Structures are given as structure tokens and as C-alpha cells.
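Per-entry structural report
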Amino acid sequence: MALRFTTGGAVGAPTTLQIRVGPGAPGRIRVGVSAPSRALSEAEVLSNAAHFRNPGPRSAPVERVVLSGVPDDWLAQRLLAVIQGLREHGLSTVVLHLTGEQLAGIAGLDGCDLVVTSEVPSSLPPPGERVDGSAVALTLPLTNRVLERLGEVLDAAERFGPARVTWVWPFPDGTAARPVAASKAANTLAQHLGRWTDAPFPWGIKGLPRCTLSPLASVVSLTDRIWRTRNRYYVDSEHQGKEALMFEPDLVRLVKSDRCRFCAVDNRCDGVADRWLAEGLVTTLTPLEFP
């Protein structure tokens with residue numbers, strides 16, 4: 001595995017590139033980076049893709065590109081032209097992070113993975129109203145708003161018909177905002193998520209250490225439902241090429257205790273954001289043992 005050496009230590013060189021095309025990204029999972037001052041041009045998107053496809057001998061070429069903050073005026077021919085250009089660079093996996101409003105009118109994106117983040121999935125267009133009926137993965141942030149009405153959120157998510165659901169405990173975003181404590185989030189999930197034992201779509205959880213989820217594990221199997229956050233290069237108009245950031249450790253710093261290396265799910269668990277651990281939102285990290 002290729003390594004990148006950063007101020008936060010050595011990390012595996014990512015094989016995913018996230019390009020934030022424009023400054024607007026409503027509903028996204030927030031992290032500690034300021035909104036860019038402008039949108040990227042089509043040429044800038046493709047030049048950054050080329051840069052990370054041919055990174056030199058000390059890194060690894062990216063294999064997957066995520067486009068977020070896509071401006072509305074890109075949703076017709078401009079976006080299609082960029083996707084074609086990305087594929088010509090050898091990036092066959094293209095992921096689009098879109099808003100609910102964009103989902104309703106987008107078409108012609110066969111072969112792209114579509115993702116929408118929403119605290120209110122009832123506002124999303126049902127499959128029959130999406131122009132091309134493409135399967136869409138749904139990201140549900142574990143904010144106070146979602147947890148306080150979790151039953152309604154589950155109902156709406158089921159009606160939406162997602163290809164996959166990912167629950168994400170919020171990351172520090174550079175503000176004073178804090179999520180609910182990990183224990184409260186886990187207990188609330190345990191009260192409701194038993195009904196998804198046999199859900200017709202895969203679902204999983206990011207951001208919450210597996211050891212905090214014992215209440216949920218008592219009502220539903222968490223095997224294959226704890227997903228690590230994929231590290232990635234992050235590009236926007238202020239951070240391009242060699243100035244690009246990495247999700248970890250530049251935007252988020254995820255930590256574990258020394259004891260976590262003895263945990264049965266160490267290779268599948270993110271640990272916790274350092275700020276949340278320091279502020280007591282996770283009180284302890286306890287290694288788990290399974291037969």
C-alpha cells in the first residue's frame with residue numbers, strides 16, 4: 001500500500017478523489033473546511049482528475065471520483081461532458097452527491113452512483129418521480145432533528161426506496177455545534193432499527209465506534225453494518241492539485257485508543273473524531289471480543 005506523509009502522520013494513499021465543484025452543498029455531511037469562493041470550471045475538474053490519476057511513484061492512482069456541490073446549471077450537458085471526460089481518464093466509477101431537488105430532474109446518468117443526504121427523506125422524490133428511475137443511496141445524518149423523529153424518518157426512507165442507507169454520526173465541522181452523545185444516539189437507534197432486521201436494502205453506520213453500539217447490537221445484527229469512512233483527496237477551487245487536502249487527517253482527525261488494536265472489529269471501525277472524544281461525547285473505547 002502506498003503511503004502519504006502528512007502533519008498528522010503517515011496514512012494510506014487514498015484511491016478516491018472528491019471534487020467539490022461549487023460552493024453550494026446543501027444537506028451535505030459537514031466537515032471542517034470553509035465553503036470555496038467560486039465554482040470550478042469543467043477544465044479544472046478534468047485537470048485535477050488527471051493529476052490524481054497519474055500521481056507519481058510515491059502515491060497510488062485514484063480509481064473513484066466523487067462530485068459534490070454540483071451547480072444546478074451543470075445538470076444538463078456540462079455534467080454529461082465532464083463525466084465522459086472523467087471516464088476517458090480511466091475513472092469508471094463516478095459518484096454524484098446531489099440534492100433532493102436535483103434528483104427530481106436529472107437524467108441520462110447511466111453508470112453513475114447517485115447519493116443524496118437528507119434529514120427529511122419525506123421531501124425526496126419517490127422513485128416513480130425521478131426522471132430515469134436510477135437507484136439512489138441515502139445518507140441520514142444522526143442529528144438531533146433526525147433522532148427526535150426517528151420513526152418518521154424510517155417510514156420516509158422506506159418509501160424512498162434507497163439502494164443503500166448510511167447513518168452518519170456528524171463529524172466536527174469547525175463550528176461549536178455538537179451532536180448528541182454517542183450513548184444517546186445508540187439507545188435511540190436501538191428503539192427503532194429492529195424493524196430493519198430484514199430490510200430490502202443494505203444499511204450501515206459510520207462515525208459511531210462499534211463499542212458504543214451494544215444497545216443496537218442486542219436487537220439487530222451489526223455484522224457487515226459497520227462501515228469505515230473511505231479516505232479521499234479533497235479538491236475545491238482553493239485546494240487543487242498539490243494543494244488538495246485529505247479527508248483524514250486534514251478535514252477530520254479520527255482516533256482510537258491503544259487497546260482498540262485488540263478489538264475484533266478494529267479493521268471495520270473508524271474510532272471517533274478526536275474532538276468528540278476530548279469533549280466526552282464518547283466516554284470510553286472498549287475492545288470487543290467475538291467467538
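For the structure, check the block above.
Now for a description of the structure that goes with this document. (Residues numbered from 1 in each chain as written. Predicted model: local features only at pLDDT ≥ 70, side-chain atom pairs only at ≥ 80, totals over all residues. Heavy atoms only, no water.)

1. Side note on the overall build of the protein
- Summing up its helical and strand segments, the protein has nine helices and 13 strands in all.
- The C-alpha atoms of the protein give a radius of gyration of 19 Å, which matches the 19 Å a tight globule of 291 residues would have.
- Oriented by its inertia axes, the alpha-carbon framework of the protein measures out at about 50 × 45 × 40 Å.
- Across the 291 residues of the protein, 49% fall into the buried class.
- In the structure as shown, the protein presents an accessible area of about 13,400 Å², 50% of it carried by carbon and sulfur atoms.
- Here the protein contributes 31 positively and 30 negatively charged side chains, and the mean placements of these two sets differ by 4 Å. (Helix = DSSP H or I, 4+ residues; strand = E, 2+ residues; numbered from the N terminus. Rg over C-alpha atoms; globule rule 2.2 N^0.38 Å. Buried < 20%, exposed > 50% of the residue type's maximum accessible area, 1.4 Å probe, protein only. Areas by Shrake-Rupley, 256 points an atom, 1.4 Å probe, with all protein chains shown as cover. Lys, Arg positive; Asp, Glu negative; His and termini not counted. Charge placed at Lys NZ, Arg CZ, Asp CG, Glu CD.)

2. Digging into the environment of Val70
- Structurally, Val70 is set in the loop between strand E4 (64-68) and helix H2 (77-88).
- Here Val70 falls in the buried class, since its relative accessible area comes to 6%.
- Counting along the chain gives 32 residues from Val70 to Gln102, while the straight-line C-alpha distance between them is 9.2 Å.
- With near-sequence residues (within four places) excluded, Val70 lies in contact with Val21, Leu75, Leu79, His97, Leu98 and Gln102. (Contact = heavy atoms within 4.5 Å.)

3. What about the packing of helix H5 (residues 150-160) against helix H6 (residues 182-192)?
- Two elements in contact, H5 and H6, have axes separated by 10 Å at closest approach and are oriented at 55°. Overall, the two elements H5 and H6 adopt an arrangement that is oblique. Considering how the two elements wind past one another, H5 and H6 form a crossing that is right-handed. Taken together, the residues of H6 that come into contact with H5 (itself represented by Leu150, Gly151 and Leu154) are Thr188, Leu189 and His192.
- A per-class count over the contact of H5 with H6 returns three nonpolar, three polar and no charged. (Axes fitted to C-alpha atoms, helices over the stretch in contact; angles between N-to-C directions. Parallel < 35°, antiparallel > 145°, perpendicular 65-115°, else oblique. Left-handed = near helix turned anticlockwise from the far one by under 90°. Nonpolar A, V, L, I, M, F, W, Y, C, P; charged D, E, K, R; others polar.)

4. As for the layout of surface pockets
- Taken as a whole, the largest pocket encloses approximately 1,000 Å³ of empty space.
- Along the walls of the largest pocket sit 46 residues, with His97, Val115, Thr117, Thr139 and Arg232 positioned nearest its centre.
- Looking at which element gives the most residues to the lining of the largest pocket, the answer is strand E6 (residues 113-117), with five residues.
- The class makeup of the residues in the lining of the largest pocket is 23 nonpolar, 12 polar and 11 charged. (1 Å grid on protein atoms, 1.4 Å probe; cavity = no way out; pocket = protein on both sides within 12 Å on 5 of 7 lines; lining within 4 Å. Points joined across faces, edges and corners; volume = space filled by probe spheres on them.)

5. Considering the packing of aromatic side chains
- Applying the stated criterion to the full structure yields six aromatic pairs.
- Members of the aromatic cluster, each reached through a chain of ring pairs, are Trp167, Trp196, Phe201 and Trp203. (Phe/Tyr/Trp six-rings, centres within 6.5 Å; stacked < 30°, edge-to-face > 60°.)

6. Side note on empty space enclosed by the protein
- This model, assessed by the stated rule, comprises two cavities of 30 Å³ or more.
- Computed from the structure, the largest cavity encloses a volume of approximately 100 Å³.
- Residue lining of the largest cavity: 13 residues in total, with Cys211, Cys260, Cys263, Cys269 and Thr286 positioned closest to the centre.
- Residue composition of the lining of the largest cavity, grouped by class: eight nonpolar, two polar and three charged.
- By volume, the second largest cavity is sized at about 30 Å³.
- Taken together, Trp169, Pro170, Phe171, Gly207, Leu254, Val272, Ala273 and Trp276 form the lining of the second largest cavity.
- Looking at side-chain class alone, the lining of the second largest cavity contains seven nonpolar, one polar and no charged residues.

In short, geometric facts, not functional conclusions.
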